[in-house]
Amino acid sequence: MSRQACTAALVGNPNAGKSALFNALTGARQKIANYPGVTVERKAGRMVLPSGEPVELVDLPGSYGLNATSPDEEVTRKVIMGEQPGQAKPDVIVIVLDASNLEQHLVLAQEILELGRPTVVALNMVDLAERDGLILDPAALQSALGVPVIPTVAVRRRGLVELAAAVAAARDAVSDTGPVARPHVTLPERRMLAHEIAAGAILSETRKHRLHARIDQLLLHPWLGPPILFALLFVVFQAVFTWATPFQDALDGLATGLGDFVRNALPPSLVRDFLTDGVIAGVGSVIVFLPQILILFFFILTMEATGYMARAAFLMDRLMAGVGLSGRSFIPLLSSFACAVPGIMSTRSITDPKDRLTTILVAPLMTCSARLPVYAVIIGAFIPNRQVGIVGLQGLVLFTLYVVGVVGAMAVALVMRRSITKGAASGFIMELPKYQLPTVKDLALGLFQRAWIFLRRAGTMIFTVTVVLWLLLNFPRAEAGKDQVDASIAGHIANGLAVVVEPIGFNRDIALALIPAMAAREVAVSSLATTYAVSAGDDDQTARALGDQLKGKWSLATALAFLAWFVFAPQCMSTIAVTRRETNGWKWPSFMLAYLFVLAYVFAGATYWIAVAAGLG
Amino acid sequence: MTLDELPLGTPARIMSVDWDALVPEEAQRLRALGIDEGARVSLAYRGVFLTRDPLAVEIGRMTVALRRAHARAMTVNRVEESIPA
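Residues numbered from 1 in each chain as written. Chains lettered and ligands numbered in written order. Predicted model: local features only at pLDDT ≥ 70, side-chain atom pairs only at ≥ 80, totals over all residues. Heavy atoms only, no water.

## Quick look at the nonpolar core
- Within the largest apolar cluster, 117 residues are counted, with the highest numbers of intra-cluster contacts made by A:F314, A:I378, A:F506, A:W554, A:F562, A:W565 and A:Y595.
- In contact with A:F314, not counting residues within four places along its chain, are A:L220, A:F428, A:L432, B:Y45, B:G47, B:P54, B:L55, B:A56 and B:A65. (Core = buried A, V, L, I, M, F, W, Y, C linked by side-chain atoms within 4.5 Å. Buried < 20%, exposed > 50% of the residue type's maximum accessible area, 1.4 Å probe, protein only. Contact = heavy atoms within 4.5 Å.)

As structure tokens, this is what we get:
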């Protein structure tokens, strides 16, 4: 056995506290990537043995058994067996058991022990077990299992040194044979044995009325549960939109300032324009979403860490079942109201691959925050500001656009679950974990990792696209006195595009705005502003001035069609990029692009012609 | 009586499961969670509003959410005495 590349793997049921233990053992020295060919996260980090020797520790996805029922479990099985390409077979296996759930978790543990590999057991969350009145005897468990059993409390850093020592000892004791393998038994036998072993390890058990049961009585209450969930979600949304604003303004100001600085520092040239209008403006337009994403993920990670997320899925399952999805799809779709990128990133918690794919494909239909600037300009310009009953007409139109997005997503999900993602109606089987207080460190680490993924992946993609768009808009150069846009490749594309979008009421200026808006929807506003040569300082003024311009040039039917277009149009490169990443290829992002464009075209067209027929043309 | 008809909080034992009524992966998942013939279960919560779906089933010290369709495939018998400590 090679000494320099010692690998250990954490294995356990979902909710055994594996991730917290992994964070405690490795600190921030973690590498997160996907296993090749699947969207299962590979988390690896460096753990240090008492001798000072580093060990690569891999956190395997939670698993109920080595008979895989999900891509996650398949990876866990392959890594343990040494069949996962690019992943060394672990030298030591660390089984993580939830102390308060021994009978259940010992089923997987026995299956692993049957392999006869060097193994150590971490009896995790012993503090929570004690809170519930359950006192265990690690020594009894150790003699029953035949491998070292170390009591740990990951979040309080209890037992970590002992665990590291046990890992070192397990590796050194036997190089190849490991402990005596337990005989292979069937699942019912394993369960029976688990029951016996667990019973033998319990020193005392007072059946206190468990804390989580009392909390659930309120949070899962058939009438009170849903209103509590919606109240919480309301707070989350408020936070995403209001708390983020100052940070977004600051970042926006930073990007503008940097652009101005470069503009003043360099002599006028194409290179300077490329830096300011292309690179800085483009990347800046993406970075401004970082505060929203961080705030949203703060809530999502907290809900996950406390155990409330599973309850939210429980409460929403019935509704989601109506369109062939399950409660697990609820949170990703909800997140997509802020931005589809974190929404799609959070679909990883959906175990069923078809459910997950469907959720990813409909996520862009949820009205994200980037559509707001577009909606705001058009509604402000074309929809009269008057009252309809107790609500304003403008607000009503905005609300309608949101509803159309949700209804569209539901309809598309329904159709997909009967066609391309057809399969048995996805069920909903999910453990409801115990409530826990999240640790600041785990939350901070999670936030940092999400932020990094967003910046690196979406950032590089956006950067590339922005550069390409800038090139398309600036080449070939126009002759002196002629309009650059007309001469550019983008201008020619817009001319071609105008023919295609004319039937749905769009003019050439709109066609031109649609091209750069591929990078991000809100760019449509600034491109229209450029096209109509509106000169104004800040965004608000631009919006107002642009509105006046538009009123003169567009009919109401065109404006409504433009709104309908943006409900469906997949105009966001970050979403395409993250879909490619999460589905491992170009097949599904291409499909997503195609179906959304078709929907956008059909709905914009229908809106235009209905409006024209109604005399609004 | 099937599991979905069990009154809330009543301890029961799963007597038989109509595995054919379940999707193979889901059957496997339920079994992996210990929801199988012979298991002691009770219903903790039942759906939102008037839907009675999904169900939260307590098994050992674990709570598992599942759909009514799954529960309907499981025949249960009430267990009279309380769970021994």
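## Considerations on the interface of chain A and chain B
- Each side of the interface is counted separately: chain A has 41 residues, and chain B has 33 residues.
- Summed over both partners, the interface of chain A with chain B comes to about 3,500 Å²; 57% of that surface belongs to carbon and sulfur atoms.
- Together, A:T69, A:F314 and A:I429 form the three largest contributors to the area buried by chain A at its contact with chain B, with a combined 20%.
- A salt bridge links B:R29 to A:E73; the nearest nitrogen and oxygen atoms lie 3.7 Å apart. (Buried area = accessible area lost by both parts, 1.4 Å probe. Salt bridge = Lys/Arg side-chain N within 4 Å of Asp/Glu carboxyl O.)

## Some remarks on the pattern of salt bridges
Residues and elements named next belong to chain A.
- Tallied over the full model, the rule gives 22 salt bridges over all chains.
- In this structure, R77 and E74 form a salt bridge, with 3.3 Å as the shortest nitrogen-oxygen distance. Residue R77 and its partner E74 are located together in helix α2 (residues 71-81), separated by 3 residues, close to a single helical turn.
- Judged by relative accessible area, which is 28%, E74 ranks as partly exposed.
- Linked by salt bridges that have partners in common, E41, R348, R356, R581 and E582 make up one network. (Helix = DSSP H or I, 4+ residues; strand = E, 2+ residues; numbered from the N terminus.)

## What about the sheet that holds strand β1 (residues 12-17) of chain B?
- Read across the open sheet, the 6 strands follow the order β12(A)-β4(B)-β3(B)-β2(B)-β1(B)-β5(B); overall the sheet is antiparallel. Either end of the sheet is taken by a strand with one partner, and the two such strands are β12 (430-432) of chain A together with β5 (74-78) of chain B. Adjacent strand axes in the sheet meet at a mean angle of 45° when their direction is disregarded.
- Relative to strand β4 (residues 62-66) of chain B, strand β3 (residues 55-59) of chain B runs antiparallel, the two being bridged by 5 bridges. Bridge assignment links B:I59 to a residue of β4(B), and that residue is B:M62. (Pairing = 2+ DSSP bridges. Axes fitted to C-alpha atoms, helices over the stretch in contact; angles between N-to-C directions.)

## Some thoughts on the packing of helix α17 (residues 393-418) of chain A against helix α24 (residues 556-568) of chain A
All names here are of chain A.
- Put simply, α17 and α24 touch, their axes get as near as 9 Å, and they point 40° apart. Of the possible angle classes, the one that applies to α17 and α24 is oblique. As α17 runs across α24, the sense of the crossing is right-handed. Where α17 abuts α24, its residues V397, L401, V404 and G405 lie against L563, V567 and F568.
- For the contact of α17 with α24, the per-class residue count stands at 6 nonpolar, 1 polar and no charged. (Parallel < 35°, antiparallel > 145°, perpendicular 65-115°, else oblique. Left-handed = near helix turned anticlockwise from the far one by under 90°. Nonpolar A, V, L, I, M, F, W, Y, C, P; charged D, E, K, R; others polar.)

## Focus on the environment of A:L497
- With respect to the helices and strands, A:L497 occurs in helix α20 (residues 489-501).
- Counting along the chain gives 330 residues from A:L497 to A:V167, while the straight-line C-alpha distance between them is 64 Å.

## With respect to a positive patch on the surface
All names here are of chain A.
- A cluster of basic side chains, namely R29, R46, R157 and K441, defines a positive patch on the protein surface.
- Along the chain, the position of K441 falls in helix α18 (residues 440-474).
- For K441, a relative accessible area of 43% gives the class partly exposed. (Patch = residues over 30% accessible without salt bridge, like charges linked within 9 Å, V, L, I, M, F, W, Y side chains within 5 Å. Areas by Shrake-Rupley, 256 points an atom, 1.4 Å probe, with all protein chains shown as cover. Lys, Arg positive; Asp, Glu negative; His and termini not counted. Charge placed at Lys NZ, Arg CZ, Asp CG, Glu CD.)

## Examining helix α1 (residues 24-32) of chain B
- Buried residues of α1(B): B:E26, B:A27, B:R29, B:L30 and B:A32, and no others.
- On its buried side, α1(B) packs onto α2 and α3 (102-113) of chain A together with β4, α2 (68-72) and β5 of chain B.
- Positioned one or two residues after α1(B), B:G34 has a phi angle of 90°, which is positive.

Don't take any of this as a statement about function, it's just geometry.
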